[in-house]
Structures are given as structure tokens and as C-alpha cells.
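# Fold and geometry: a report
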Amino acid sequence: MIQLIRGFKDILPGEVELWQKIEQEARSLFENFGFREIRIPIMEKTELFKRSIGEDTDIVEKEMYTFADRGGDMVTLRPEATASIVRAYIQHKLYAPDPVQRLFMIGPMFRRERPQKGRYRQFYQIDAEIFGVASPLADAQLIFMLVTLLGRLQAKNVEAHVNSLGCPACRPGFRDALQGMLAHVSDKLCEDCRRRRDRNPLRVLDCKVPGCREALTGAPSIIDYLCGDCRRDFDELQAALTALGVSYIVDKRLVRGLDYYTRATFEIQTGELGAQSAVAGGGRYDRLVKELGGPDLPATGFAIGFDRLAEIVGLQAGDYQPRPDVFIAALGSRSRPLAFEWCCRLGREGVRVEMEFGEKSLKSLMKSADRLKADHVLMIGDQELEKQAAVLRNMQTKEQTAVPFDRVVDTLKTASRRPS
Ligand code: HAM
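The paragraphs below set out a description of the structure included in this document.

Rules used in this analysis
Residues numbered from 1 in each chain as written. Predicted model: local features only at pLDDT ≥ 70, side-chain atom pairs only at ≥ 80, totals over all residues. Heavy atoms only, no water. Helix = DSSP H or I, 4+ residues; strand = E, 2+ residues; numbered from the N terminus. Phe/Tyr/Trp six-rings, centres within 6.5 Å; stacked < 30°, edge-to-face > 60°. Lys NZ or Arg CZ within 6 Å of the ring centre and 35° of its normal. Pairing = 2+ DSSP bridges. Contact = heavy atoms within 4.5 Å. Axes fitted to C-alpha atoms, helices over the stretch in contact; angles between N-to-C directions.

### Some details on unusual backbone geometry
Positive phi, normally seen in glycine, also occurs at Q154, with a value near 55°. Within the element layout of this structure, Q154 appears in the loop between α5 (136–152) and β7 (158–164).

Spelled out as C-alpha cells, the structure:
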């Protein structure tokens with residue numbers, strides 16, 4: 001039997017209801033904050049990710065699904081959404097009517113990492129981006145949205161980490177200090193970090209190899225090198241979070257794994273998923289729109305790891321499983337055409353309905369209704385055909401009533417009305 005690809009997974013009925021609930025909560029919350037959905041392709045030109053995420057990152061160096069298509073063009077399955085959303089923002093001049101755009105998307109991403117708990121090769125992200133706003137209040141709004149969503153979903157054991165990665169004015173000073181320090185511990189670094197030390201020393205701070213982490217214990221902290229503007233923005237972000245009652249940790253080690261960040265960066269971390277502690281991550285990327293050929297406009301955003309979120313929420317998929325309002329038990333072949341007609345009409349009228357099409361005994365049909373947890377069973381057989389009235393059984397109270405054939409659809413519509 002052909003099995004699915006390692007690191008990929010199916011989300012089956014029974015689990016998918018939880019995903020739908022999470023998605024519903026995210027959509028409604030984001031829409032309250034003025035975000036609109038954007039749908040972007042799953043594949044892009046490889047160049048887009050190289051130029052945005054950065055050539056020296058783990059994602060671009062080791063993890064992308066990149067191949068030449070049949071025409072010889074280099075294409076990549078998207079490892080994240082920000083690059084594509086920025087491309088769309090520029091390509092369709094979404095900034096022209098108003099540079100301020102709040103966009104979100106939900107969908108699969110692909111990274112060829114080593115699979116383990118909370119880490120997959122196809123995983124899903126819930127991504128939100130704000131374009132055209134330089135104020136740190138936009139970052140605070142994003143963090144507030146994240147924390148609110150996690151609270152609504154009863155996510156366990158989560159905390160917000162924030163840091164600032166500075167800007168082109170202050171980062172070179174930090175870079176020099178870091179490079180100076182790295183020169184002293186060079187022999188303790190892994191091969192990748194020795195190579196990155198000169199080209200992109202910030203990436204060394206992001207290395208997961210235990211030896212590198214240990215060598216970096218005395219590394220300088222970027223916060224000590226922030227320029228006046230970056231310092232002011234970082235203070236304003238923290239003041240806004242405090243005023244909103246959002247608790248957070250200033251985490252000087254938080255550098256994120258993508259190159260495009262400037263100033264505020266943040267992650268939501270959890271202790272529930274072993275090594276995969278980040279449930280969501282994001283930050284400001286004020287230079288990327290311009291670097292990819294657009295106008296000089298600031299931007300900030302985040303992505304939630306949907307799979308990881310689904311693993312730590314306090315909700316149970318079972319609570320969201322749809323139950324039929326009515327199960328139609330048709331006994332004997334004479335009653336089946338009419339039962340089938342009701343089944344189709346009820347479904348069209350918004351009643352959740354199930355029916356078995358084959359010949360079954362009443363006992364076996366009632367068993368099916370129980371298994372599906374149907375609220376009602378509508379029974380029709382030869383006797384009912386004679387009386388021109390079906391029997392409706394309320395499965396909770398066990399009460400049975402006769403319903404004339406011409407009243408079946410209306411009666412069930414009323415009986416199954418859900419609060420809207
Ligand atoms: P990221 O930190 O690379 O950021 O990914 C965001 C989240 O996606 C992670 O915190 C994690 O929960 C989830 N994730 C990443 N890789 C995997 C994996 N292999 N398996 C399961 N979950 C995973 C970004 O992607 C940025 N585009 C976020 C952003 C948006 N920054 C600004 N705007």
C-alpha cells in the first residue's frame with residue numbers, strides 16, 4: 001500500500017472539526033481588526049524566497065522544496081507566506097488606493113526539516129500582515145490579537161517573547177561587536193556557523209546546535225546597541241502591551257530564522273511541545289517591500305503554526321462534531337423513494353440529515369442513528385404509508401409523534417432550528 005510522504009500528514013474527520021473551530025475563531029477575530037483575506041499560490045519563483053528570507057538561512061540553504069519545472073524554471077513550494085504576500089502587494093499595487101492594508105491567509109507551507117513532534121514537512125500557517133504602518137502600535141496590535149486568539153482557544157502554557165533587531169543605523173555596530181566575540185569562540189562553532197560568522201553573524205545566534213548555543217552564552221545583546229529611534233519604538237511597544245494587560249518577556253536572544261526583520265520581533269512560545277517551542281512568530285520588516293521592488297513602505301506581521309496550535313489548545317474536537325438533526329429510517333423498498341425525497345429536501349432546507357440507502361432492519365437503523373448521535377429519527381414503513389403519517393422519535397426524550405407526510409419538512413425545519 002502506498003503511504004503518505006514522511007513529514008506530511010492527513011487531518012482526518014474527528015480532528016478536522018478542531019481545525020475548523022480554530023480557523024473560524026481566527027477569521028472572525030482578524031476581521032474584527034480590519035484584516036481581509038488574501039489567497040496566494042503554493043509555488044513561486046525560487047528567487048522570491050532567496051531574496052526575502054535570505055540566502056544564509058536554514059530555510060533557504062537546506063529546507064526548501066525547489067526544483068526545475070518541465071520548462072526549466074526554478075520554482076519552490078512556499079516555505080512561508082510573507083514573501084508571497086509582499087510580492088502580491090507590490091505586483092497588484094495594493095498600496096495605490098491606500099498603503100495601509102491588513103491582510104491574512106491560511107494555508108499549507110513546505111519545509112524539508114527533520115520531522116518530529118510539532119515539526120512537519122507540510123505544515124499550516126495562519127498568517128497576518130499589516131502594510132504601511134510604521135508605528136509600534138501595529139506590532140502591539142498583532143501581539144494583542146495573537147494573545148487574544150490563544151486565550152479564546154484555551155492554549156496551554158504560552159508566553160509572549162519580544163525583542164528588537166534594530167535598523168540599518170544601529171545593526172552594523174552590533175554586528176561588529178558580535179563578529180568580534182565570535183572570532184574568540186570560532187573553534188567551538190559548527191561548520192555552518194563558521195561560514196556564517198563573516199557573511200551573516202546574526203544567523204549564528206539562531207543556530208540550534210548545542211555546542212554553538214553554549215559558545216554564545218556571553219554574546220552581546222542587540223538591545224544594548226539600539227539607536228535612539230529603535231529604542232523609542234521598542235519602549236512604545238512595551239508600554240502599549242503593558243497598557244493592554246499583555247504579559248511578555250524581553251528576550252534578547254530572539255533573532256528569528258529569517259533575514260528580513262528589522263526592529264520589533266516576537267514569538268509566542270510554549271513548554272508543551274518539547275523542542276518545538278514556537279507556536280507563532282513574527283515581527284517588523286520595514287525594508288522588504290522596497291527590496292522586492294515596491295515603494296518604501298513599512299510592514300509587520302506574524303504567522304501562527306496551525307499544527308502546533310491545534311496540539312496545545314484546550315478544546316476537544318468531539319465538542320464540535322456535527323450531529324444529524326434527523327436520521328431517516330426507511331423500512332421496506334416501498335417507502336424508500338419518499339424517504340429519499342425528504343432526505344434531499346431537508347438537506348436543501350438547512351436540516352442536517354442522514355439516511356441509509358440499502359435494505360436494513362429497524363434494529364440496525366436505530367443503531368446507526370445512535371452511533372451518529374442523531375437528535376431525531378424519522379421512521380417510515382408500510383404502516384406509515386397506509387396512514388400517510390411518519391413517526392418522529394426524539395432520541396433524547398424518547399417521545400414519538402405521528403407527523404402527516406405533508407408536514408414532515410416543516411416539522412423538522414422547526415425541530416432542528418439552531419441558534420444563529
Ligand atoms: P516562522 O517563525 O518561520 O515565521 O514560522 C512561523 C510559525 O510556523 C512557527 O512559529 C511555527 O509555529 C510554525 N512552523 C514553522 N516551521 C514549522 C514546521 N516545520 N512544522 C510545523 N510548524 C512549523 C514565518 O514563517 C514568518 N513568515 C512569520 C511572519 C509573518 N513574519 C512576518 N510576517
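### Here we look at the packing of aromatic side chains
Using the criterion set out here, one finds 16 aromatic pairs in the structure. Through successive ring pairs, a cluster of aromatic residues spans Y89, Y95, F131, Y260, Y261 and Y285. If you follow K9 out to its NZ or CZ, it ends over the ring of Y120, 4.1 Å from the centre.

### Quick notes on the sheet that holds strand β9 (residues 264–270)
Sheet architecture is open: eight strands sit in the order β1-β5-β6-β11-β10-β9-β7-β8, paired in mixed fashion. A single partner strand is all that each edge strand has here, and the edge strands are β1 (36–37) and β8 (248–250). Inspection of the sheet shows β7 paired to β8 by three bridges, in the parallel sense. Its bridge partner lying in β8, H161 is registered against I249. Strands in contact with helix α4 (residues 82–91) are β5 (101–110) and β6 (122–131); relative to β6, the strand with the most contacts, it is inclined by about 40°.

### Digging into the sheet that holds strand β4 (residues 74–77)
In space, the three strands of this open sheet follow the order β2-β4-β3, with antiparallel pairing throughout. Bordering the open sheet on either side are β2 (43–45) and β3 (65–68), each of which pairs with just one other strand. On average, each strand axis in the sheet is tilted by 30° relative to the strand beside it, whichever way the strands run. As judged from the four bridges shared by β3 and β4, these two strands associate in the antiparallel manner. Along β4, the bridge assignment pairs T66 with T76. Along the sheet, helix α2 (residues 46–53) makes contact with β2, β3 and β4, crossing β2 at roughly 75°.

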